[in-house]
Amino acid sequence: MLLHAERQAIVDACRSMLSARLVVNTSGNVSVRVGTTIAITPSGVPYDRMTAQDICLIGLESGTEEEGALRPSSELPLHLAVYRATEALAIVHTHSMYATALSTILDQLPAIHYHIADLGGPVPVVRYATFGTEALAASVVAGLAGRNAVLMQNHGATTIGRDLPRALARAFTLEWLAEVYYHGSVLGTPSVLEPDEIATVVSAQRALAEERAARLKARSG
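Note that the structure is a prediction, hence the values are computed from the model and not measured. (Residues numbered from 1 in each chain as written. Predicted model: local features only at pLDDT ≥ 70, side-chain atom pairs only at ≥ 80, totals over all residues. Heavy atoms only, no water.)

Caption draft 1: Focus on the overall build of the chain. Across its full length, the chain carries six helices and nine strands. Taking 2.2 N^0.38 as the reference for a compact globule, 221 residues should give roughly 17 Å; the C-alpha atoms of the chain span a radius of gyration of 18 Å, in line with that estimate. Considered along the principal axes of its C-alpha atoms, the chain spans approximately 50 × 50 × 30 Å. Relative to its full complement of 221 residues, the chain shows a buried share of 42%. Considering only contacts within the chain whose residues lie at least 6 apart along the sequence, 64% involve residues at least 24 apart. Of the roughly 11,200 Å² of accessible surface on the chain, 53% is carried by carbon and sulfur atoms. Charge centroids of the chain, computed over 17 positive and 21 negative side chains, lie 4 Å from each other. (Helix = DSSP H or I, 4+ residues; strand = E, 2+ residues; numbered from the N terminus. Rg over C-alpha atoms; globule rule 2.2 N^0.38 Å. Buried < 20%, exposed > 50% of the residue type's maximum accessible area, 1.4 Å probe, protein only. Contact = heavy atoms within 4.5 Å. Areas by Shrake-Rupley, 256 points an atom, 1.4 Å probe, with all protein chains shown as cover. Lys, Arg positive; Asp, Glu negative; His and termini not counted. Charge placed at Lys NZ, Arg CZ, Asp CG, Glu CD.)

Here you go:
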């Protein structure tokens, strides 16, 4: 089976999403890009019964099926558009509770905590469009400019990454930030971090990542 490891990784990610209640029933979808091929979840298959063989393979340029007996996710246009427009190698789309709830009342999720730096800063809420449409795909692509996450009005959330673990981790981060903002709003008016502080956090995180990589290289050498 082609791309078995990648397909199994998608199944494992879906199970994690289900366990963490980032999705309901068969909602949401996950994909990874390998060269000019996309591996993406099928449509309508329960995550607890999904297997690696169920994952569909799609040509990035053609948008046509390369392997898989099942119909690919209805959000295939969104995944194709994001891969064509960005350097992302993985996409996670969820219908998580707090992110979806805030998508109905906010224009953007503000910098409620410095962890939002990994998402690129305040998370925009892109305008509602029917699921599976080119209009929705275009809105998400526009919202991802300079960002690693978007909220989709009255719909859910999408995160991207250079690999599936990073995209999935950002989905968890986004839902946590949305929940923090919700609870803060219940208690009062949340304070938010200024753009300069987010830039400082990004620089600090980059320096830590470089130091960690250098230490690992020295240890292996």
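Caption draft 2: A look at the nonpolar core. If you look at the biggest cluster of nonpolar residues, it comprises 22 residues, and the most contacted ones within it are I38, I58, L78, V82, V140 and M152. Secondary structure elements with two or more residues in this core: β2 (37-40), β3 (56-59), α2 (76-85), α4 (134-143) and β8 (149-152). For this core, the element with the most residues is α2, which contributes six residues. Formed by 21 residues, the second largest nonpolar core is a distinct cluster that contains V11, M17, V45 and L57. (Core = buried A, V, L, I, M, F, W, Y, C linked by side-chain atoms within 4.5 Å.)

Caption draft 3: Quick look at unusual backbone geometry. The phi dihedral of L3 is positive, around 50 degrees, even though this residue is not glycine. Along the polypeptide, L3 turns up in the segment before α1 (4-19). By relative accessible area, which is 24% here, L3 ends up partly exposed. Of note in the backbone geometry, N25 takes a positive phi value of approximately 55 degrees without being a glycine.

Caption draft 4: Quick look at the packing of α2 against α4. Contact geometry of α2 with α4 gives a least axis separation of 8 Å together with a crossing angle of 35 degrees. In terms of crossing hand, the pair formed by α2 and α4 is right-handed. In this structure, α2 uses P77, L78, A81, V82 and A85 to contact α4, whose residues at the interface are E134, L136, A137, V140 and V141. Here the contact of α2 with α4 is composed, by residue class, of nine nonpolar, no polar and one charged. (Axes fitted to C-alpha atoms, helices over the stretch in contact; angles between N-to-C directions. Left-handed = near helix turned anticlockwise from the far one by under 90°. Nonpolar A, V, L, I, M, F, W, Y, C, P; charged D, E, K, R; others polar.)

Caption draft 5: Seen up close, the pattern of salt bridges. For the coordinates displayed, the defined rule picks out three salt bridges. Linking R166 and D118 is a salt bridge whose minimum nitrogen-to-oxygen distance equals 4.0 Å. Placement of the pair is R166 in helix α5 (residues 164-187) and D118 in the loop between β6 (108-109) and β7 (123-126), with a sequence separation of 48 residues. Residue R166 is classed as partly exposed on the basis of its relative accessible area, which comes to 25%. (Salt bridge = Lys/Arg side-chain N within 4 Å of Asp/Glu carboxyl O.)

Caption draft 6: Expanded view of α2. A large share of α2 lies buried, amounting to eight of its ten residues. When α2 is considered as a whole, its buried residues turn out to be L76, P77, L78, H79, L80, A81, V82 and Y83.

Caption draft 7: Layout of the sheet that holds β2. Overall, mixed pairing links the nine strands, which are arranged β4-β3-β2-β1-β5-β9-β8-β7-β6 in an open sheet. The open sheet terminates on both sides in strands that have one partner only, identified here as β4 (65-67) and β6. In terms of strand pairing, β7 meets β8 through two bridges, oriented parallel. By the bridge assignment for β8, V125 is matched with L151. Where α5 meets the sheet, it contacts β1 (29-34), β5 (90-94), β6, β7, β8 and β9 (156-161), and its direction lies at approximately 140 degrees from that of β9. (Pairing = 2+ DSSP bridges.)

Caption draft 8: Expanded view of the pairing of β2. The alternating pattern of β2 places T37 and A39 on one face and I38 and I40 on the opposite face, and all of these are buried. Direction of pairing for β1 relative to β2: antiparallel, over a ladder of four bridges. Counted as the bridge partner of V34 is T37 from β2. Joining the antiparallel neighbours β1 and β2 is a turn of two residues, in which G35 adopts a positive phi near 65 degrees. Sheet analysis places β2 next to β3, joined by four bridges and oriented antiparallel. From the neighbouring strand, I38 faces β3, where its bridge partner is I58.

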